[in-house]
Amino acid sequence: MTERPPQRIPNRQLAALIAEAGFSNAGLARRVDQLGLEHGLDLRYDKTSVTRWLRGQQPRGTTPALIAEVFTRRLGRRLSAQDLGLDACAPVYAGLEFAASPEEAIDIVSGLWRKDSGSHTELRKIAFTPAGLVVPSRDWLIGRADERVARGAPPVAVDGVARVPAQGRGLPPRQRHAERGPGGRVSMGDIAALRSVGELFRTLDHAYGGGHARQALVRYLEHEAEPMLRGTYGEAAGRRLFGAVADLTRLAGWTSYDIAAHGLAQRYFVQALRLAQAAGDRPYGSYVLVTMSRQAVYLGHGREAVQLARVAQQGVGSGAPAVVQSLLHAVEARGHGVLGEVRACSASLARAERALESARPGDEVPYWARFFDEAQLADEFGHCHRDLQQYRAAAQHAERSLQLRSQSYARSRLFCRVVLATARLGLGELEQACTLGAEAAAQAAEMRSVRALEYIRDFERRLEPYRDAAAVRAYREKVALL
């Protein structure tokens, strides 16, 4: 006697939600396919696929999470795969969602921290998906700051004196702070500590590369920032807390980008953008978009880079400080440079230059934009002219940037030195190019930065036509010793 295959149970949960959403089978399939394209997936479902799901067949891979996201957007409430009667999975695009609420944002970003701080090495292999930039940047642009971010009850005032909540009573202040877990009150001192830690890790990143202390930063976010986010705080402290955590999350993305974990970096940037919205900090959100644009430039996605820079400009408007305006235009120029759009690139660079010239010493500049000065603008000019193969201008601006740039920005100086080496090579100055390239290679050997190594490799690829020249052989011998 042959065994019959197990009978599938019709998926009544999915059927009920399809009816509530007013989808046809073909309409649901089309929306799942469209959402898949946003995340770089070519799915090609049709109405027959949906019929099979309704009969009890389980879609594979990331599809259950995509179907849940389609219903979430349609019905305006968060639904999981289980709510649809589907098997849950760990979708490859998890982290690219722009959360509907601060609470959901905490859940998504803390999930990223936990996975990244563990042994989930596959997380660092996730591919970058250009289509995954569209929805978060759009939602940030049209979204409003959250009406409420406060959590828990504030201290109760008795006779004009604020009393510590019950979970902290009876403990001295130092011990109350030490034992604060989820639910504990977050102080301004806690938030100041987050800011100080951000400055420390930023300094390490500039000097030694993103791979130097990235894991320590992620563990700090998991063990210190998450309990604060799940703690107790009022509106003002909550906004500041979300802002500080947004900054650290962007930095976690930046260091991930520097070690070529591009899909993971993209997810951190999206979540930093959402946290910035919870903070009500529109200008910082524009800075996160600038960071995303820089990653797109590095990966050769010039059109997406330009779009992100323009969304950032639109999001802050003309009231932003002159330094910020200059930064936004310079980053747009980099995207045009990658695309070879000479006129658009030149126009953006001119706007960036005019904006920086209009800045005054007393102007209030956000802490995250203070790095953007004459040295950085000259660096942007150098990169753009290199990409446009305008080597004489590239060399002039790269030399100026190196003259002005502080030694503390070691990695940025390395990049600029390679740009100068490439420009010298383009001008036929082979010996000088190789000398500069060897200096940069020596610096790269002291860093934990995949981007630094990629700059060196790009220069070496450009040397290939001259491989038999004495200067190139000498260069290779020097680099081989490193």
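Residues numbered from 1 in each chain as written. Predicted model: local features only at pLDDT ≥ 70, side-chain atom pairs only at ≥ 80, totals over all residues. Heavy atoms only, no water.

Enquirer: Would you explain the overall build of the chain in this entry?
Expert: If you tally the helices and strands in the chain, you get 21 helices and two strands. Counting the 482 residues in the chain, one finds 51% classified as buried. Within the chain, residue pairs in contact and separated by at least 24 positions form 73% of the contacts whose partners lie at least 6 positions apart. (Helix = DSSP H or I, 4+ residues; strand = E, 2+ residues; numbered from the N terminus. Buried < 20%, exposed > 50% of the residue type's maximum accessible area, 1.4 Å probe, protein only. Contact = heavy atoms within 4.5 Å.)

Enquirer: Mind showing me how you'd approach the nonpolar core here?
Expert: Residues L194, L241, F242 and V245 are the most contacted members of the largest nonpolar core, which totals 84 residues. Residues L414, L436, A441 and F459 belong to the second largest nonpolar core, which totals 31 residues. (Core = buried A, V, L, I, M, F, W, Y, C linked by side-chain atoms within 4.5 Å.)

Enquirer: When you look at the environment of E20 in this model, what are you seeing that I'm missing?
Expert: Tracing the sequence through the fold places E20 in helix α1 (residues 12-21). Taking the relative accessible area as the measure of exposure, E20 reaches 46% and is therefore partly exposed. Separated by 54 residues in sequence, E20 and R74 place their C-alpha atoms 9.7 Å apart. Leave out the neighbours within four places in its chain, and E20 touches L75 and R77.

Enquirer: Is there a simple way to think about the environment of S110 in this case?
Expert: Residue position: S110 is located in helix α5 (residues 102-117). When its relative accessible area of 0% is taken as the criterion, S110 is described as buried. Sequence separation between S110 and H223 is 113 residues, and the spatial gap between their C-alpha atoms is 9.8 Å. S110 has contacts with E226 and R230, leaving out every residue within four places of it along the chain. Here the side chain of S110 touches D107 through a polar contact of 3.2 Å, landing on its backbone oxygen. (Polar contact = N/O pair within 3.5 Å; in protein donor to acceptor, adjacent residues only side chain to side chain.)

Enquirer: I tried to follow α5 on my own but got confused; where do I start?
Expert: Spacing of three or four residues puts side chains on the same side of an α-helix, whose turn is 3.6 residues. Here α5 contains 16 residues, and its C-alpha end-to-end distance of 22 Å stays within 8% of the 22 Å for a straight helix at 1.5 Å per residue. Extensive coverage of α5 is indicated by the burial of twelve of its 16 residues. Among the residues of α5, those classed as buried are P102, E104, A105, I106, I108, V109, S110, G111, L112, W113, D116 and S117. Lining the buried residues of α5 we find α9 (214-229), α10 (235-258) and α11 (262-279). (Expected span 1.5 Å × (residues − 1).)

Enquirer: Help me understand the state of the cysteines, please; the structure alone is not making it clear to me.
Expert: Note on terminology: a disulfide is the covalent bond linking the sulfur atoms of two cysteines. With the rule as written, the count across this model stands at zero disulfides. Here C345 is not cross-linked by a disulfide; its sulfur's nearest cysteine counterpart is in C384, at 3.7 Å. For C384, a relative accessible area of 1% translates into the label buried. (Disulfide = S-S within 2.5 Å.)

Enquirer: What's the story with helix α4 (residues 63-75) in this structure? I'm lost.
Expert: If you check α4, its first and last C-alpha atoms are 18 Å apart, about what 13 residues at 1.5 Å a residue would give, namely 18 Å. The buried fraction of α4 amounts to ten of the 13 residues, a majority that puts the element mostly inside the structure. For α4, the complete set of buried residues consists of T63, P64, A65, L66, I67, A68, E69, V70, F71 and T72. Where α4 is buried, its residues contact α1, α2 (25-38) and α3 (47-54). Directly beyond the C-terminal end of α4, a positive phi value near 75° is found at G76.

Enquirer: What should I look at first to understand the environment of D83 in this one?
Expert: With respect to the secondary-structure elements, D83 resides in the loop between α4 and α5. Since its relative accessible area comes to 36%, D83 is described here as partly exposed. When the C-alpha positions of D83 and L17 are compared, they lie 9.2 Å apart, and in sequence the two are 66 residues distant. Non-local contacts of D83, meaning those with residues more than four positions away in its chain, are made with Q13, L17 and R78.

Enquirer: Please explain the pattern of salt bridges as it appears in this structure.
Expert: When the charged atoms of two side chains with opposite charge come close together, those side chains can pair. Counted under the stated rule, the structure contains 32 salt bridges. Where R303 meets E341, a salt bridge forms, and the shortest distance between an N and an O atom there is 2.6 Å. Placement of the pair is R303 in helix α13 (residues 302-316) and E341 in the loop between α14 (322-339) and α15 (342-358), with a sequence separation of 38 residues. Judged by its relative accessible area of 37%, R303 falls in the partly exposed class. Here R476 makes a salt bridge to E464, at a shortest N to O gap of 3.4 Å. Residue R476 is located in helix α21 (residues 470-481), and its partner E464 is located in the loop between α20 (450-463) and α21; the two are separated by twelve residues in the primary sequence. Relative accessible area serves as the criterion here: at 35%, E464 is assigned to the partly exposed category. (Salt bridge = Lys/Arg side-chain N within 4 Å of Asp/Glu carboxyl O.)

Enquirer: What is the right way to look at unusual backbone geometry in this model?
Expert: Glycine aside, residues mostly have negative phi, and peptide bonds are mostly found in the trans state. Of note in this structure, R44 is not a glycine but carries a positive phi near 60°. Examined against the element boundaries, R44 turns out to sit in the loop between α2 and α3. Classification of R44 by relative accessible area gives exposed; the value is 66%.

Enquirer: Can you help me understand the packing of aromatic side chains in this one?
Expert: For any pair of aromatic rings, the description consists of the separation of the ring centres together with the inter-plane angle of the planes. A complete count under the given rule lists twelve aromatic pairs for this structure. Summarising the aromatic geometry, the rings of Y287 and W368 are spaced 4.9 Å apart at their centres and angled 15° between planes, so their arrangement reads as stacked. Here W368 lies in the loop between α15 and α16 (374-387) and Y287 lies in helix α12 (residues 282-298), a separation of 81 residues in the sequence. The residues Y287 and W368 share a single accessibility class, namely buried. Taken together, Y284, Y287, W368, F371 and F372 form an aromatic cluster joined through their ring pairs. Sitting over the face of the ring of Y409, R405 holds its NZ or CZ atom 5.6 Å from the ring centroid. The ring of W254 carries the charged tip of R451 above its face, separated from the ring centre by 4.8 Å. (Phe/Tyr/Trp six-rings, centres within 6.5 Å; stacked < 30°, edge-to-face > 60°. Lys NZ or Arg CZ within 6 Å of the ring centre and 35° of its normal.)

Enquirer: Looking at this structure, how should I read the packing of helix α18 (residues 410-426) against α20?
Expert: Two measures define how a pair of helices packs: the angle their axes make with one another and the distance between the axes. Here α18 crosses α20 at 5°, and the two axes come no closer than 10 Å. On the basis of their axis angle, the class for α18 and α20 is roughly parallel. Between α18 and α20, the residues in contact are R411, L414, F415, V418, V419, A421, T422 and L425 and R451, A452, Y455, I456, F459, R462 and L463, respectively. By residue class, the composition of the contact of α18 with α20 is eleven nonpolar, one polar and three charged. (Axes fitted to C-alpha atoms, helices over the stretch in contact; angles between N-to-C directions. Parallel < 35°, antiparallel > 145°, perpendicular 65-115°, else oblique. Nonpolar A, V, L, I, M, F, W, Y, C, P; charged D, E, K, R; others polar.)

Enquirer: Would you mind showing me how to read the packing of α18 against helix α19 (residues 430-445) here?
Expert: The N-to-C vectors of α18 and α19 enclose an angle of 160°; their axes lie 8 Å apart at closest approach. The angle between α18 and α19 falls in the class roughly antiparallel. At the point where α18 passes α19, the crossing takes the left-handed sense. Residues A410, L414, R417, V418, L420, A421, R424 and L425 of α18 form the contact with α19, whose own contacting residues are L430, Q432, A433, L436, G437, E439, A440, Q443 and A444. The residue inventory of the contact of α18 with α19, partitioned by class, reads eleven nonpolar, three polar and three charged. (Left-handed = near helix turned anticlockwise from the far one by under 90°.)

The values are spatial; any link to function lies outside them.
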